[in-house]
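The primary structure of each chain is shown beneath.
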Amino acid sequence: MKEFYAMFSWRKRLLLAFTQAKLHRLSLTQTQFIGITGSAGKTTTKELCNLILSGSYSVMTTPQSLNTPIIVAETMLATEKKHKFCIMELGAFKPGALDLPLRLFRPKIGVLTNIEKDHYRAFKGQGVDGIAVEKAKLIEALSKNGTAILNMDDPRVKAIGERCKARVIWVGKNPESTIRLCKVTSRWPEPLKLTVTYQGKLYEVPTHLYGTQLALSILSALGVAIAAGLSIEEAINKLVEAVPTAGRMQIVTGEDDVTFIRDDMKAPYWSLLAPFKFLKEADALRKIAVVGSISDFSGDSTMIYKRCARELREYADMVIFVGDNAHRALRARKDENDSTLQGFLTLKEASSFLQKTLRPGDLVLLKGSNKSDHLQRLILDRYKPIQCWQERCGLEHFCNHCSQLYRGDSTNEQTGNLVDKVEIPVSIPVKETGRMAPVIVGLGNPGKEFENTLHNIGYSVLDKLAVDYGGIWQNEEEGQTAWIILNGVSVVLFKSDAYMNKTGLRLKHYLARTGRLPEHCLLIYDDMDIEFGTIKFKPDGGDGGHLGLRSCLKSLRIYTLPRLRCGVRSPGNTAKAKEQVLAKFNKKELEQLPQILDQAVDMVIKTIPQLQPESLSELPAA
C-alpha cells in the first residue's frame, strides 16, 4: 500500500509539473532549446555548452546529471523569458523515454554523442538498434532551420544524421567532419589538449579536463557554440575555464598527496577501457584502480568479471574489485600469492585496506556505478571516518551531499524519519568540484492570517525575489520552493510549511532529501533588536532569542549559518519582542515596505558569492 501511494504521488507530481510546464512554455517565445542525448558524455557536454553560452547569453540547464522527464518539466518551469537558451539533458533509459520531454519543447539544436549498450536490458531484445531508434527521436524533432551536432565516428549516429532534415555539424576524427579532431593528448598530470580543424583553419584547444574520451564532449560543445551563432575562437577561449564534472574523470587530491580520479558515476562494460588507458599512460609513482559494479553487458557474470580482471590488471599496478562480484574477479589471479589483484565484498573492507596501503604519490582510479557502489566514500573516509556503509542504498546523489554520511545509524531510511534522525555532515579537507544550488530560506508562519506581520518578513523577501526573477512556487514535502537565477547562479527559494518554531525540522528534512548542506543556505528573518528598514548580514552566531532561528540551529546542529537580519522594530518602540512579532506592519511601514524589500533583494544578491563553497564558486551558473 505504501508503494502504491508513493507511485500515485509521483504520477500526480509528474502530471502537475508537465501541465504547468506546457503552459509556461507558451511564454518562452524567445528561448531556444538545446537537447543533448547519447550513451556517454551528456552531462559533460551540457556543462561545457553552458559554460560557453553563458559567457554571452542568459542560460538555463537541467541540474547535475538529472535527465528524467520530470526534471525536464521542472527545468522548463524554472526557465525565464530572459533566457536565450535552455539546455536539456535527455536520458533515453527505456523505449518512449524521450516522448514526453519532446512534447514540451521543440529543440533548435540537438546533440547526439554516441550510441552504446546503456540500458539495453530495458529495450527487451531490441538491442542497440532499439536504443538508436529512441535517441534518434531528438534529431528527428529538429525543424529544417534547426541544427544537429552529430558524432561522425559512430556508425549509428552517422546513419541518423544522413537522414536528418536539419543542418548537420559533424564532429569527430573522420576527415569529412565539420569540426575535425586532428590530435588529442592527455597524460597525467598534463590535462587534455586537442588540435582541431574548422573551415580550413587549425586550432589548439587547451583545457583543464582529463582523459581523451572527453574530446567528444568538447567537439560537441564547439558545434553547439557555432550553431548558436558564436565563433569557434570565442568558444575555445571559454573552454579554458572548464573544470571536470563531478564523478567524470574528476581529480581529487587530498592533503596526504594521494590523488584520486573519480570516474564513478557509471561503469558500463564498454566504457572501462578509456579511463584504464588514461591510468596506464599516467606519470605516477604507483597506479591503483578500484572497480565496483559493472553494468550493461551480456553473458555470464563470472566470465565477464574474470575477463575484466585479467585485462585491466595490465593497466595498473594493482586492481581492487569491490562488491558482490569481487570473488568472480579474483578467479583471474595468477596464484594464491598474487597481490596485484584484490577483492572485497564490502566497501568498508576496501576502505580499511586502502587506509593501510595507499601512500603519497599514488594515483587511484575509481570506476563504478554511483547508485550501486558510492565509491566516493573511499575518499571521504580517509579524512573523516564515516558511519554510513550502506550497500546499494539506491540514492543517486554523491555521498558528499548526503546527510546520512556521518550519522551513527546507517540503515537506509529515506522518508520522513530523516527529519528526526539525520545529522548534517561537516566539510572535509578535499579539493573537489561539484555543483549545488544555494538555498535561500525565508522564516515565517504559513497562512493568510500571518501575512504582513513582522514575523513574516522573511517570507516577504522570498516572495519579492520570486516575483522579480520569475520564480514559480512548487509544493514540496516540507513546504514550497521556487528556482530563480541571481547573477547567473541558480538559487532555490525555500519556505517551510511549519510554524516558525518548527522550521528547523522542515529545513533539515529538505536538505537531507535533496542532498544539500547547511553552508548552502542563507536564512532571512525578522529582528526586533534592529530598527525597521535596516538589514544586516551575519555569517554565524547564536539565535538571539529568535525561535525560528533557534529551531534551525538546533535541528542542523550548526552555528555557522549565514543570515540576513531584517529590522522590524519601530523607532521608539520599547515593547517586548514576543508582544510585537505577530503584529502587522502599520500603514506607514507598509508604504515603506516595498523599498525595504528591494534593499533586502540587493543584499541577497551581494551575499550569494559568500554562500558558495569552493565546489560552487569554481563553476559557471546552471
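Our subject is the structure that appears above.
The sections below set out a description of the structure shown in this document.

Definitions and cut-offs
- Residues numbered from 1 in each chain as written.
- Predicted model: local features only at pLDDT ≥ 70, side-chain atom pairs only at ≥ 80, totals over all residues.
- Heavy atoms only, no water.
- Pairing = 2+ DSSP bridges.
- Helix = DSSP H or I, 4+ residues; strand = E, 2+ residues; numbered from the N terminus.
- Expected span 1.5 Å × (residues − 1).
- Buried < 20%, exposed > 50% of the residue type's maximum accessible area, 1.4 Å probe, protein only.
- Axes fitted to C-alpha atoms, helices over the stretch in contact; angles between N-to-C directions.
- Contact = heavy atoms within 4.5 Å.
- Salt bridge = Lys/Arg side-chain N within 4 Å of Asp/Glu carboxyl O.
- 1 Å grid on protein atoms, 1.4 Å probe; cavity = no way out; pocket = protein on both sides within 12 Å on 5 of 7 lines; lining within 4 Å.
- Points joined across faces, edges and corners; volume = space filled by probe spheres on them.
- Nonpolar A, V, L, I, M, F, W, Y, C, P; charged D, E, K, R; others polar.
- Parallel < 35°, antiparallel > 145°, perpendicular 65-115°, else oblique.
- Left-handed = near helix turned anticlockwise from the far one by under 90°.
- Core = buried A, V, L, I, M, F, W, Y, C linked by side-chain atoms within 4.5 Å.

On to the sheet that holds strand S20 (residues 489-496). Pairing is mixed in the open sheet, where 7 strands are placed in the order S18-S19-S20-S17-S21-S23-S22. The sheet is open, and its two borders are formed by strand S18 (474-475) and strand S22 (535-538), each paired with just one other strand.

Over its 13 residues, helix H7 (residues 215-227) runs 18 Å from end to end, which matches the ideal 18 Å to within 8%, given 1.5 Å per residue. Among the 13 residues that make up H7, 13 are buried, leaving the element largely enclosed by the rest of the structure.

Glancing now at the sheet that holds strand S3 (residues 85-89). Pairing in this open sheet of 9 strands is mixed, and the strands run S2-S3-S1-S4-S5-S6-S7-S8-S9 from one edge to the other. Of all strands in the sheet, those bounded by a partner on one side alone are strand S2 (59-61) and strand S9 (201-206). Each strand axis lies, on average, 20° off the axis of its neighbour in the sheet, ignoring direction. The sheet contacts of helix H2 (residues 42-53) involve strand S1 (32-37), S2, S3 and strand S4 (109-112), and relative to S3 the element is tilted by about 170°. Sheet strands touched by helix H6 (residues 155-162): S4, strand S5 (147-151) and strand S6 (167-172). Its angle to S6, the strand with the most contacts, is close to 160°.

This part is about the pairing of strand S23 (residues 563-569). The element S23 is largely enclosed, with a buried count of 7 among its 7 residues. Side chains Arg 563, Arg 565, Gly 567 and Arg 569 of S23 all project onto a buried face; the interleaved residues Leu 564, Cys 566 and Val 568 project onto the opposite face, where all are buried too. In this structure, strand S21 (residues 521-531) lies alongside S23, joined through 6 bridges in parallel fashion. Along S23, the bridge assignment pairs Leu 523 with Arg 563. For S22 and S23, the ladder comprises 4 bridges, and the chain directions are antiparallel. Bridging from a neighbouring strand, Lys 536 pairs with Arg 565 of S23.

Now for the pattern of salt bridges. What the rule picks out here adds up to 18 salt bridges. A salt bridge links Asp 338 to Arg 313; its shortest N-O distance comes to 2.3 Å. Of this pair, Asp 338 sits in the loop between helix H11 (326-329) and strand S14 (341-344) while Arg 313 sits in the loop between helix H10 (301-312) and strand S13 (318-322), and the two are 25 residues apart along the sequence. Residue classification places Asp 338 among the buried positions, given a relative accessible area of 8%.

In the structure shown here, the tally under the stated rule is 2 cavities of 30 Å³ or more. Taken as a whole, the second largest cavity encloses approximately 30 Å³ of empty space. Phe 260, Ser 351, Leu 354, Gln 355, Leu 358, Leu 378 and Arg 382 are the residues that line the second largest cavity. Taken together, the elements giving at least two residues each to the lining of the second largest cavity come down to helix H12 (347-357) and helix H14 (377-383). Among the elements that take part in the lining of the second largest cavity, H12 stands out by supplying 3 residues, more than any other. Residue composition of the lining of the second largest cavity, grouped by class: 4 nonpolar, 2 polar and 1 charged.

Bringing the packing of H2 against helix H8 (residues 232-239) into the picture now. Where H2 contacts H8, the axes come no closer than 9 Å and their chain directions differ by 110°. Taken together, H2 and H8 sit at an angle that is classed as roughly perpendicular. The element H2 and its partner H8 pack so that their crossing is right-handed. Two secondary-structure elements touch here, H2 through Leu 48, Leu 51 and Ile 52 and H8 through Ala 235, Lys 238 and Leu 239. In terms of residue class, the contact of H2 with H8 is built from 5 nonpolar, no polar and 1 charged.

Before going further, it helps to examine the nonpolar core. In terms of nonpolar packing, the biggest core is built from 71 residues, with Leu 53, Ile 179, Leu 194, Ile 218 and Phe 321 touching the most fellow members. By residue number, the principal contributor to this core is H7, which donates 10 residues. Ignoring any residue separated from it by four or fewer positions in sequence, one finds Leu 53 in contact with Ile 34, Val 59, Phe 85, Ile 87, Val 224, Ala 225, Ala 228 and Leu 230. Ranked by size, the runner-up nonpolar core spans 42 residues in total, among them Leu 28, Ile 71, Ala 78 and Cys 164.

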